[in-house]
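One-letter residues, chain by chain:
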Amino acid sequence: MCGISGFIDFTLDKEEAVKCIFHMIQAQHHRGPDDRGYANPAPGVWLGHNRLAIIDLSSDGRQPMSRAHFTITFNGEIYNYLEIKQELLSHGYKFTTSSDTEVILLSYAHWGERCVEKFRGMWAFAIWDNQLQKLFCSRDRFGIKPFHFIAIKNILYFASEIKALKISRIFSDEINQHQLMRDVQLGWSVYSDETHYKVIKQLKPGHNLVYSQEGINIYSYYTLQKKEFGVSEATELFRQYFFESIRLHMRADVEIGSTFSGGLDSSAVVCAVHYLYQPKGFKTFTVWYEEADERVHASKVWQAYPSIIPYTLKPDGEEIVHAFVQASHQYDAPVSGSSYLSQHFVMRLAHQKGIKVLLDGQGSDEYLMGYPHSLYRYFATILRDYRFDQFISEIEKFRKTQGWGMAKILDLLVKTVLSTVMSEQTLYTLEYKHFYPNAFGKHLKTNFNMSSSDAEPLRNFSWHLLYTTILQTLLLHEDRNSMAFSIEARVPFLDHKLVELVYSLPADFKIRDGYTKYILRKALADIMPPEITWRADKMGFVTPGEIKWLRNQLIWLLNEPMNIPQIDQKIWRKEKKKFLQGHNHHARWIWRVASANYWYTYCRKPAVV
């Protein structure tokens with residue numbers, strides 16, 4: 001796990017270019033404090049790297065790395081690098097390191113741009129081919145690792161984080177108004193290839209970028225699609241693929257720990273590690289608050305696997321203020337929810353205990369259907385298939401497992417009907433315009449695409465969770481929170497083989513008998529405590545932030561002058577007054593506006609270098 005940076009700019013002289021690449025590297029020091037370096041493989045071409053040594057800790061693994069006429073700067077992990085290495089050895093290739101970086105280089109030498117189809121892992125890299133005079137860049141299938149860039153005519157700058165691109169002479173701090181609106185009204189910190197800056201783009205998940213004399217070509221190499229799996233063996237396949245993913249994600253030359261909330265996903269990861277490896281002294285990291293304490297659930301796993309060393313943290317008020325300020329600068333985007341600060345605290349705690357790699361349960365909810373609003377699309381799917389008996393039966397089962405009253409059932413029925421007759425585009429447009437107050441007044445315009453990817457409502461919803469609405473934002477914060485403390489966060493639930501399996505299965509494998517994530521519960525029931533396996537509620541790394549912190553430790557955010565010119569000042573003052581009087585209905589929206597204003601005021605411009 002590292003930080004990458006670089007540019008192709010023929011207008012700079014060597015002194016200017018060296019200064020630029022040095023400052024780009026310095027801006028991302030936190031991503032790789034173990035080593036740094038840069039290369040100038042051709043006139044006008046500069047590649048930079050910050051190294052966090054995880055595999056092959058020797059100096060042999062330092063980057064940028066060159067072999068023959070290829071030079072690479074790489075961020076991420078190719079978990080199946082040993083298997084690919086054996087295949088390349090059979091083709092006569094020679095290796096001088098034990099790193100996955102060299103495997104990428106020689107894979108590119110052998111398979112060309114299609115090499116990425118062989119990889120299982122997370123990555124963002126750039127390879128300069130001096131023979132063909134082209135730069136080949138790639139980002140992993142689900143966007144786990146970031147790749148941001150500025151491209152103007154024949155000039156290209158790229159980096160892991162936006163703050164490094166602010167050093168570029170072609171950077172402009174003009175705000176992308178549409179993205180700021182999505183962030184405030186929907187909580188999307190990421191959308192498509194856009195960022196909060198007009199001039200900066202991101203390479204979309206599953207895409208490659210090629211810079212050559214012909215210009216810049218961006219194309220998709222991977223699209224998540226339904227595949228055919230035998231449903232009779234689906235549960236066993238899930239178990240097999242999940243364990244395989246855990247084994248691959250445990251490959252490292254440093255100690256590995258895990259984030260741990262006490263929920264189903266993180267418990268599955270921790271329990272699988274112990275089931276497969278029986279490690280001694282495996283460290284887990286948990287944050288808790290008086291108002292959101294999941295230690296009672298986490299303790300079930302700690303008791304089942306007593307070799308776990310649990311570390312827990314309850315942040316105090318001063319820590320909360322410091323975390324918000326640090327995160328606002330670190331994310332290169334507003335802190336669009338207080339839960340991201342919980343992850344910040346977990347990463348900080350792990351760093352203090354000497355951990356460089358953490359497993360994390362991120363990515364499960366988006367295709368195993370763990371979110372409560374997945375239920376509307378699930379019941380819509382049943383209605384579309386005219387399975388009325390099952391519709392009634394499942395509502396009754398959820399009533400029992402979740403303790404639903406009549407008001408909740410009526411709410412479910414209304415939203416299910418809407419999900420049956422309306423497209424995702426229509427549903428999200430309604431949310432964008434009407435769920436929260438219109439912070440942008442006359443400036444607010446719908447600007448996002450939720451086109452259908454599948455005829456089944458639940459699968460279509462899942463695709464957009466992965467690529468449009470939620471996961472991309474979560475992964476941005478995961479990357480920034482972990483790398484702020486020089487930690488590599490690994491997400492075994494996002495192994496593409498596992499995702500493809502569950503994504504392709506009928507809805508009943510994901511939601512059934514009053515439970516979400518049904519196939520996960522069934523497949524791993526023998527390795528997890530039953531209190532976790534059949535736990536019906538969902539919390540995650542929640543916080544009391546939007547209500548308690550914003551009225552106490554972070555109340556100063558509400559006293560800041562509103563500096564975002566597009567925000568309707570009258571609406572903001574009205575809603576802020578209601579919030580301070582004790583109304584919580586729009587608390588999340590209040591947080592987003594206040595956070596966006598802080599970021600806009602203090603964080604959007606380049607730091608002085």
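Relevant structure appears above.
The paragraphs below set out a description of the structure included in this document. Here the structure is a predicted model, which is why all the values come from computation and not from measurement. (Residues numbered from 1 in each chain as written. Predicted model: local features only at pLDDT ≥ 70, side-chain atom pairs only at ≥ 80, totals over all residues. Heavy atoms only, no water.)

1. A word on the side chain of Asp-365
Link 1 in the chain: Turning to its location among the elements, Asp-365 is positioned in helix 11 (residues 365–368).
Link 2 in the chain: A polar contact is formed between the side chain of Asp-365 and the side chain of Lys-517, at a distance of 2.6 Å. (Helix = DSSP H or I, 4+ residues; strand = E, 2+ residues; numbered from the N terminus. Polar contact = N/O pair within 3.5 Å; in protein donor to acceptor, adjacent residues only side chain to side chain.)

2. Topic: the pairing of strand 9 (residues 155–159)
Link 1 in the chain: Counting buried positions along strand 9 yields 5 of 5 residues, so the element is predominantly enclosed.
Link 2 in the chain: Pairing of strand 8 (residues 148–152) with strand 9 involves 5 bridges; the strand directions are antiparallel. If you follow Ile-150 over to strand 9, its bridge partner there is Tyr-157.
Link 3 in the chain: If you look at the hairpin formed by strand 8 and strand 9, you'll find 2 residues sitting between the two strands, and Lys-153 has a positive phi there, around 55 degrees. (Buried < 20%, exposed > 50% of the residue type's maximum accessible area, 1.4 Å probe, protein only. Pairing = 2+ DSSP bridges.)

3. Re the packing of aromatic side chains
Link 1 in the chain: Applying the stated criterion across every chain yields a total of 41 aromatic pairs.
Link 2 in the chain: With centroids separated by 5.5 Å and ring planes inclined at 85 degrees, the aromatic side chains of Phe-119 and Trp-123 adopt a geometry described as edge-to-face.
Link 3 in the chain: The buried category is assigned to Phe-119, whose relative accessible area is 0%.
Link 4 in the chain: Arranged with centres 4.9 Å apart and planes meeting at 45 degrees, the rings of Trp-463 and Tyr-467 form a pair that is tilted. Here Tyr-467 and Trp-463 lie together in helix 16 (residues 457–469), a separation of 4 residues that amounts to about one turn.
Link 5 in the chain: Under the relative-accessibility criterion, Tyr-467 is labelled buried at 14%.
Link 6 in the chain: Each member of the aromatic cluster is reached from another via a ring pair, and the members are Phe-70, Phe-74, Tyr-108, Phe-125 and Phe-136.
Link 7 in the chain: Note that Arg-141 overlies the ring of Tyr-222, its terminal NZ or CZ placed 5.4 Å from the centroid. (Phe/Tyr/Trp six-rings, centres within 6.5 Å; stacked < 30°, edge-to-face > 60°. Lys NZ or Arg CZ within 6 Å of the ring centre and 35° of its normal.)

4. Some points on the pattern of salt bridges
Link 1 in the chain: This structure, assessed with the given rule, holds 43 salt bridges.
Link 2 in the chain: Between Asp-495 and Arg-120 there is a salt bridge, with the nearest N and O atoms lying 2.9 Å from each other. With Asp-495 in the loop between strand 17 (488–490) and helix 18 (496–504) and Arg-120 in the loop between helix 3 (100–111) and strand 6 (121–129), the pair connects residues that are 375 residues apart, well separated along the chain.
Link 3 in the chain: Overall, Arg-120 belongs to the buried group, its relative accessible area being 10%.
Link 4 in the chain: Residues Glu-291 and Lys-548 are paired through a salt bridge, measuring 2.7 Å at the closest nitrogen-oxygen approach. Remark: Lys-548 occurs in the loop between helix 20 (530–533) and helix 21 (556–559) and Glu-291 occurs in the loop between strand 14 (283–287) and helix 8 (295–304); sequence separation between them is 257 residues.
Link 5 in the chain: Through salt bridges with shared partners, one network takes in Arg-31, Lys-145, Glu-161, Lys-163, Asp-332, Asp-479 and Arg-480. (Salt bridge = Lys/Arg side-chain N within 4 Å of Asp/Glu carboxyl O.)

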